[in-house]
Amino acid sequence: MGDHNVGLMNKQAKLQKFMKHLLKDVQALEYMLEHDMFESDVVRIGAEQEMCLVDLKSFKPAPINMEVMETMQDAPYVDTELARFNMETNLTPRVFNTSCLRDMEAENNEYLNEIRKKLVPFGATIALTGILPTLRKFDLNLENLTPKPRYRALIDSIADQMDGKDIELRLSGIDELHVKHDTPLIEACNTSFQVHLQVSPHDFVQMYNIAQTIAAPIMAIAANSPIVFGRRLWHETRIALFQQALDTRTSHEHMRERSPRVNFGNGWLKKSILEIYKEDIARFRVLLGRDVDEDSLKAIKDNIIPRLQALQIHNGTVYRWNRPCYGISENGKPHLRIENRVLPSGPTVIDEMANAAFWLGTMVGMQARYKDISKHISFDDVRDNFVKAAKFGIDSHFTWLHDKKITAVDLIKTELLPIAEEGLRLRNIDQADIDRYLGTIRQRAEKHMNGARWSLRAFSTLKTVVPADEAITIMAAAMVKNQELEKPVHEWDMPSLQDLEEYRPSKLKVSEFMSTDLFTVKKDDIIELVADMMDWQKIRYMPVESDKGELTGLMTSRVLLRYFSKANLSGRKTTTVKDLMIKQVITIDPDATIIQALHLMRTNNIGCLPVCKNKELIGIITEADFLKIYGRLIDRLES
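What counts, and where the lines are drawn
- Residues numbered from 1 in each chain as written.
- Predicted model: local features only at pLDDT ≥ 70, side-chain atom pairs only at ≥ 80, totals over all residues.
- Heavy atoms only, no water.
- Helix = DSSP H or I, 4+ residues; strand = E, 2+ residues; numbered from the N terminus.
- Rg over C-alpha atoms; globule rule 2.2 N^0.38 Å.
- Buried < 20%, exposed > 50% of the residue type's maximum accessible area, 1.4 Å probe, protein only.
- Contact = heavy atoms within 4.5 Å.
- Areas by Shrake-Rupley, 256 points an atom, 1.4 Å probe, with all protein chains shown as cover.
- Salt bridge = Lys/Arg side-chain N within 4 Å of Asp/Glu carboxyl O.
- Core = buried A, V, L, I, M, F, W, Y, C linked by side-chain atoms within 4.5 Å.
- Axes fitted to C-alpha atoms, helices over the stretch in contact; angles between N-to-C directions.
- Parallel < 35°, antiparallel > 145°, perpendicular 65-115°, else oblique.
- Nonpolar A, V, L, I, M, F, W, Y, C, P; charged D, E, K, R; others polar.
- Phe/Tyr/Trp six-rings, centres within 6.5 Å; stacked < 30°, edge-to-face > 60°.
- Lys NZ or Arg CZ within 6 Å of the ring centre and 35° of its normal.

## Observations concerning the overall build of the protein chain
For step 1, the next point in the chain: Along the backbone of the protein chain there are 21 helices and 21 strands.
For step 2, the next point in the chain: For 639 residues, the compact-globule estimate of 2.2 N^0.38 gives 26 Å, and the C-alpha radius of gyration of the protein chain, at 27 Å, lies within 12% of that figure.
For step 3, the next point in the chain: For the protein chain, the spread of C-alpha atoms along the principal axes amounts to about 95 × 55 × 55 Å.
For step 4, the next point in the chain: For the protein chain, the proportion of its 639 residues judged to be buried stands at 56%.
For step 5, the next point in the chain: Within the protein chain, contacts between residues at least 6 apart in sequence are counted, and of these 72% link residues at least 24 apart.
For step 6, the next point in the chain: As displayed, the protein chain offers around 28200 Å² of accessible surface, 49% of which is attributable to carbon and sulfur atoms.

Written as structure tokens, this is what we have:
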């Protein structure tokens, strides 16, 4: 869950002292590896469950994690996360054999149900999803940062390295998202189900390279993060969003290569886990540190297993999708793990455990078949597959071993599922559990349905009959309902309007409600162009904007009608927008509520409100938008 006693290294002396401990930790780890000090006679698994807290009526984020934690002080398995609408649980490490998978599933459900009970008085519940579809950009402002020093230090450190620049998100899928944000808290969009596999130091290189190889097909079948801010983007948008949210690199005229802190890696591992730690220290500046209370080299001389505090803190701020981990088991022996950060949260616990079983089984099965996977596929193909899987999910086409071209579905069904079953049998997993979890994966592949495809299909269908915000809310309500029923996603029906008992749009902000696909003109455009554009697009209001995107006026169908009814069109001089436009335009801020917008329109007897932020035109609200909501509310009352 992370070390909460960390902070900024804002004084040179403190940073230098921390770096000395960091370098000693590398030397200590190297010594322990050379002298075979690690636990290697047992294999354990573990997991971390991240979740979103949502309001039970609006299904929007509920920023109440600190209040909930107050009611769960006797529950050591639960902790906060970066944003106040997120929490996480830490599942018990257990030996990887017999009933471990169903035991982990039972424990996860037990913890989640306990949290659900604690959320009832707050009018909230849990949503398991890679990115909550009802999340809004303003939910990611700093007032929703969990008020703990570690989180503030992390955000401030990233912001400091960005030197005051805004974070810019650029993603394209069915829709496009081009937006700036002023805080790295946008990272908090992402929630995952992180699975840990303990690995012997002698097997680490082999197993880590296998983890890199299979990351793409595992993610393709598990994808569950396709919608951000009402935009349909990548099937697993977490991958790109996380990287861009924490990307402290700057653009230059030259083409020097720089790695982002969130990364897949730059090549195969060759000798040991030390290559990763050394590369990360060399590539990435320290973000966080603390006063380290141990000398790891001295501890080894005194026959004490060191905690490697400095190394673990730095490792926790470099976000590899397959992350190496060091730990100390309850028996006092050190161990190594691979943490799979690829898997999204949800859609249900059974889906998560199926994903975990598929990954764990494939890891062990591939280990039995391939001593060195790098001899069978190039790293460039592995990395290319990873990006394809993030973009296209279950629809991906991969380059597989020996340059074989294959779809994700065919690869999973014909090759990887048999390997995963073999791997789970090698670990003596109960056959009934193998059938249940891998059967879930097989059904997903055969029905071509995972969380991402369900969400994309549901949202695309719903938004043809209801406003986008209501469509997303209905979808989120259906997700929560199916999660509580523990129904795997390939069995989910498409959501219907009845899945949302009550839709309350009165608390919506203008930014959630406005139209952003705008047609605009410039003040020097001829009036005939305006008339034709409004006729072609069937719109009654046309904002006038400057070259800088600032609102300078408004054209309306009434202004045009008045002009054409009175003008002598034969031999008249050229009329431009600036001759007729309304210059004193009533506007509204995106953070206002739609009730305020409605009141402003009624009071001033106007049919539209351009939405402006710092003079920049960013959207528009018209009476037609309100008619859509009124119509749906009347339909609900009649049903």
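## Let's talk about unusual backbone geometry
For step 1, the next point in the chain: Cis peptide bonds are those with omega within 30 degrees of zero, and the linkage from Gly-346 to Pro-347 qualifies with -5°.
For step 2, the next point in the chain: Relative to the elements of secondary structure, Pro-347 occurs in the loop between strand 15 (334–340) and helix 10 (349–369).
For step 3, the next point in the chain: Positive phi, normally seen in glycine, also occurs at Asp-36, with a value near 50°.
For step 4, the next point in the chain: Position of Asp-36 among the secondary structure elements: in the loop between helix 1 (12–34) and strand 2 (44–55).
For step 5, the next point in the chain: Under the relative-accessibility criterion, Asp-36 is labelled partly exposed at 48%.
For step 6, the next point in the chain: With a phi close to 60°, Phe-59 is a non-glycine residue in the positive phi region.
For step 7, the next point in the chain: Mapped onto the secondary structure, Phe-59 falls in the loop between strand 2 and helix 2 (65–70).

## Considerations on the pattern of salt bridges
For step 1, the next point in the chain: One pass over the structure, following the stated rule, counts 38 salt bridges.
For step 2, the next point in the chain: In this structure, the salt-bridge partner of Glu-512 is Arg-136, at a minimum N-O distance of 3.4 Å. Separated by 376 residues along the polypeptide, Glu-512 in helix 16 (residues 510–513) and Arg-136 in the loop between strand 5 (124–127) and helix 4 (149–161) bring together distant segments of the chain. The same class applies to Glu-512 as to Arg-136, namely buried.
For step 3, the next point in the chain: Residue Arg-307 is joined to Asp-293 by a salt bridge in which the shortest nitrogen-to-oxygen separation is 2.8 Å. Of this pair, Arg-307 sits in the loop between helix 8 (296–301) and helix 9 (309–315) while Asp-293 sits in the loop between strand 12 (288–289) and helix 8, and the two are 14 residues apart along the sequence.
For step 4, the next point in the chain: According to the relative accessible area criterion, Asp-293 is exposed, its value standing at 52%.

## Comments concerning the nonpolar core
For step 1, the next point in the chain: Counting 190 residues, the largest nonpolar core has Leu-29, Leu-101, Phe-358 and Trp-359 as its most contacted members.
For step 2, the next point in the chain: The element contributing the most residues to this core is helix 5 (residues 204–222), with 14 residues.
For step 3, the next point in the chain: Discounting chain neighbours no more than four positions away, the residues touching Phe-358 are Ile-218, Ile-221, Ile-412, Leu-416, Leu-417, Ala-420, Leu-438 and Ile-441.
For step 4, the next point in the chain: With 13 residues, the next largest nonpolar core counts Val-521, Ile-527, Val-577 and Met-581 among its residues.

## A short note on the packing of helix 12 (residues 408–426) against helix 13 (residues 431–447)
For step 1, the next point in the chain: The contact between helix 12 and helix 13 brings their axes to 10 Å, and the two run at 170°. For the element pair helix 12 / helix 13, the angle class is roughly antiparallel. Side by side, helix 12 and helix 13 meet where Val-409, Ile-412, Lys-413, Leu-417, Ala-420, Glu-421, Leu-424 and Arg-425 of the first sit next to Gln-431, Ile-434, Asp-435, Leu-438, Ile-441, Arg-442, Ala-445 and Glu-446 of the second.
For step 2, the next point in the chain: Within the contact of helix 12 with helix 13, the residues separate by chemical class into nine nonpolar, one polar and six charged.

## Observations regarding the packing of aromatic side chains
For step 1, the next point in the chain: Considering all chains together, one arrives at twelve aromatic pairs under this definition.
For step 2, the next point in the chain: Where Phe-242 meets Trp-321, the ring centres are 5.8 Å apart and the plane angle is 70°; that geometry is what we call edge-to-face. With Phe-242 in helix 6 (residues 238–245) and Trp-321 in the loop between strand 13 (319–320) and strand 14 (322–328), this residue pair connects regions lying 79 residues apart in the sequence. With respect to burial, Phe-242 and Trp-321 carry one shared label: buried.
For step 3, the next point in the chain: Both rings, one in Tyr-563 and one in Phe-564, keep their centres 5.0 Å apart while their planes meet at 70°; by these two values the pair is edge-to-face.
For step 4, the next point in the chain: Assessed through its relative accessible area of 13%, Tyr-563 is described here as buried.
For step 5, the next point in the chain: Its relative accessible area of 31% is what places Phe-564 among the partly exposed residues.
For step 6, the next point in the chain: Aromatic rings pair up to connect Phe-242, Phe-264, Trp-268, Tyr-319, Trp-321, Phe-379 and Phe-386 into one cluster.
For step 7, the next point in the chain: One residue, Lys-509, lies across the ring of Phe-138, its end atom 4.2 Å from the ring centre.

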